[in-house]
Amino acid sequence: MSVLLRRNSSQLRLLLSSGGQVTRLSSSDGATAEPPVAAPKPTQPKKPKTPPVVPDTDIKKSVFISQSSDVFTNLALEDWLYKNFDFSHHHVLLLWANDPCVVIGRHQNPFTEANVSRLVERGITLARRNSGGGAVYHDLGNLNCTFFSPRERYDRKYNLNIVTRALFREWAIKADINERDDIVVRNKKISGTAAKLGHPNCYHHCTILASANKLHLGESLVREPANYISRATASVPSPIRNLVDVNRTVNVAQLRSAVGYEYLRTVATALEDGGKTQMMKQRGFQLINPTEKWFPGIEELRAQYSSWDWVVGKTPKFTVEKDLDVKGDEQGMKLKLSVEVDGGLMKEIGIQLPQSEQVVPVVTPLQGKPYNEENLNGIIGALKLVNASNVKQAMNGSV
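My aim in this report is to walk through the structure given alongside it, one point at a time. Fair warning: this is a prediction, and the values are worked out from it, not measured in the lab.

1. Re the overall build of the chain
Here comes step 1: Along the backbone of the chain there are 13 helices and 19 strands.
Here comes step 2: Counting all 399 residues of the chain, 47% fall into the buried class.
Here comes step 3: The long-range fraction of contacts in the chain, counting pairs at least 24 apart against all pairs at least 6 apart in sequence, stands at 73%.
Here comes step 4: Approximately 20,300 Å² of the chain is accessible, and the part contributed by carbon and sulfur atoms is 51%.

Here you go:
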């Protein structure tokens, strides 16, 4: 048994004693390394080992239910399990819900996906997850599902069908899976999807809209008006629907139970309903307390996920442009402000005439500061006080 498991609390040992295993998957944990082997010849590359196929009868399942509603804690828990758990004989479905937040994909630009200033005003948290995909709004009317398995067992369609079968079994709600792997009901989206594919583990997660606040959802995912030039992954807008709009008896607690039971009663690698017999073979539902005592190292992971460097600093390089009017003696002048942002910081700031390629650098103490709508508006406010004649002189090189 690894050093990590010996450090865990009695609760975690009890949780895993029925078949789950915890192991460090990185080589820096002091685990015994395999003996070195001779490097293969360049003309004869060594073929990667194919993991042995584990029979369905040897795979147990658990449904973990997080007791936290903090988005950074739940993202850290998800990452901890992905990095440390052995899923070869034990598949896991993690169910979790968050207080109001907007969660963007790993490669997204938060300023093109959300109105960040409005999020701050409303007390809605901005977070970045470690998987791809688009931006989503979470609150306690939204259930999140993370399906963990070994990479060779990854099957997104299997996971999504667990959800659709649960909806039909519990409420007779007919849901479909579209070409983007969204779950839709009556042509409106109730669930988006994303994945993290690594070795040896992977996970696929999705959201399920049960009774989310659609007003906050809509307002949160409308960006500040400006022209953003970015290569970051953009979300694909889709009309959405809450399940409660289809069947008013739907609630998150019952949804959690329905999806969990559907997962436990379904054969591990095939969409075959094993009923109560199959369910009784599994490890069942287990309440998870994502604390340092249960999961050593999770506090450090949470600190990483909640840091400015991750949430904003991880944003791919982009440029934001905004038109503004400068006052003049007789008539004003229309200018274009251009701000280049790299690593979340405003690096190059300049102005140009709309039909000119000449850019005049703007000297401002905000250069090198974090980009946000407040700082952008600060630059715009200062430029509006500049006289048009001074701008012309600057562009003519006379000052």
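Anyway, onward from the coordinates.
2. Some words on the sheet that holds strand β13 (residues 201-209)
Here comes step 1: What the 6 strands build is an open sheet, ordered β12-β13-β8-β4-β2-β15; its pairing is mixed. The outermost strands of the open sheet, each flanked by one partner alone, are β12 (193-197) and β15 (284-288). This sheet shows a mean twist of 20° between the axes of neighbouring strands, independent of strand direction.
Here comes step 2: The strands that helix α6 (residues 156-171) touches are β2 (60-66), β8 (142-150), β12 and β13; relative to β13, the one it contacts most, it runs at about 30°.
Here comes step 3: Against the sheet, helix α8 (residues 252-265) engages β2, β4 (90-96), β8, β13 and β15, with an angle of about 165° to β2.

3. Focus: the side chain of threonine 319
Here comes step 1: Looking at where threonine 319 falls in the secondary structure, it is placed in strand β16 (residues 318-326).
Here comes step 2: In this view, threonine 319 contacts Asn227, Tyr228, Ile229, Ser338, Val339 and Glu340; residues no more than four positions away in its chain are not counted.

4. A closer look at the nonpolar core
Generally speaking, soluble globular proteins have nonpolar side chains that are buried together.
Here comes step 1: Core analysis: the largest hydrophobic core is formed by 63 residues, its most contacted members being Leu81, Leu337 and Tyr371.
Here comes step 2: Of the residues forming this core, the biggest block, 8 residues, is contributed by helix α3 (residues 71-84).
Here comes step 3: Discounting residues that sit within four places of it in the chain, leucine 81 has contacts with Phe64, Phe87, Leu94, Phe148, Asn201 and Phe295.
Here comes step 4: Core analysis: the second largest hydrophobic core is formed by 31 residues, Leu95, Phe147, Ile162 and Val185 among them.

5. Concerning the sheet that holds strand β10 (residues 183-185)
Here comes step 1: The antiparallel open sheet is built from 3 strands, whose spatial order is β9-β10-β11. The sheet terminates laterally at β9 (176-177) and β11 (188-191), the two strands that pair on one side only.
Here comes step 2: Examined bridge by bridge, β9 and β10 share 2 bridges and lie antiparallel to one another. Bridge pairing in β10 links isoleucine 177 to isoleucine 183.

6. Here we look at helix α10 (residues 298-306)
Here comes step 1: Inspection of α10 places Ile298, Leu301 and Tyr305 among the buried residues, and these make up the whole buried set. Summarising the axial view, the buried residues of α10 lie within an arc of 60°, below the 170-degree limit, and thus occupy one face. In this structure, α10 carries Glu299 and Glu300 as exposed residues pointing more than 90 degrees from its buried face.
Here comes step 2: Of the surrounding elements, those touching the buried residues of α10 are α3, β6 (125-128) and α11 (308-311).

7. Points about the pattern of salt bridges
Here comes step 1: Taken as a whole and judged by the stated rule, the model has 15 salt bridges.
Here comes step 2: Arginine 165 is the partner of glutamate 262 in a salt bridge, and the nearest nitrogen-oxygen pair spans 3.6 Å. Note that glutamate 262 is positioned in helix α8 and arginine 165 in helix α6, a separation of 97 residues in sequence.
Here comes step 3: Residue glutamate 262 is classed as buried on the basis of its relative accessible area, which comes to 1%.
Here comes step 4: In this structure, the salt-bridge partner of lysine 334 is aspartate 325, at a minimum N-O distance of 3.0 Å.
Here comes step 5: Look at aspartate 325 and you get partly exposed, because its relative accessible area is 45%.
Here comes step 6: Each of Arg165, Arg169, Glu262, Arg265 and Asp273 takes part in a single network of salt bridges with overlapping partners.

8. Overview of the environment of lysine 61
Here comes step 1: Structurally, lysine 61 is set in strand β2.
Here comes step 2: Under the relative-accessibility criterion, lysine 61 is labelled buried at 1%.
Here comes step 3: Sequence separation of lysine 61 and leucine 264 is 203 residues, and the distance between their C-alpha atoms is 6.4 Å.
Here comes step 4: Every residue in contact with lysine 61, bar those within four places of it in the chain, is listed here: His90, His91, Tyr158, Tyr263, Leu264, Thr266, Val267, Ala268, Gln282, Arg283 and Gly284.

9. A few points about unusual backbone geometry
Here comes step 1: A cis geometry characterises the amide bond from histidine 199 onward to proline 200, with omega recorded as 0°.
Here comes step 2: Along the chain, proline 200 turns up in the loop between β12 and β13.
Here comes step 3: Even without being a glycine, aspartate 181 presents a positive backbone phi close to 65°.
Here comes step 4: Relative to the helices and strands, aspartate 181 is located in the loop between β9 and β10.

Here is what the cut-offs are and how they apply
- Residues numbered from 1 in each chain as written.
- Predicted model: local features only at pLDDT ≥ 70, side-chain atom pairs only at ≥ 80, totals over all residues.
- Heavy atoms only, no water.
- Helix = DSSP H or I, 4+ residues; strand = E, 2+ residues; numbered from the N terminus.
- Buried < 20%, exposed > 50% of the residue type's maximum accessible area, 1.4 Å probe, protein only.
- Contact = heavy atoms within 4.5 Å.
- Areas by Shrake-Rupley, 256 points an atom, 1.4 Å probe, with all protein chains shown as cover.
- Pairing = 2+ DSSP bridges.
- Axes fitted to C-alpha atoms, helices over the stretch in contact; angles between N-to-C directions.
- Core = buried A, V, L, I, M, F, W, Y, C linked by side-chain atoms within 4.5 Å.
- Arc of directions from axis to C-beta.
- Salt bridge = Lys/Arg side-chain N within 4 Å of Asp/Glu carboxyl O.

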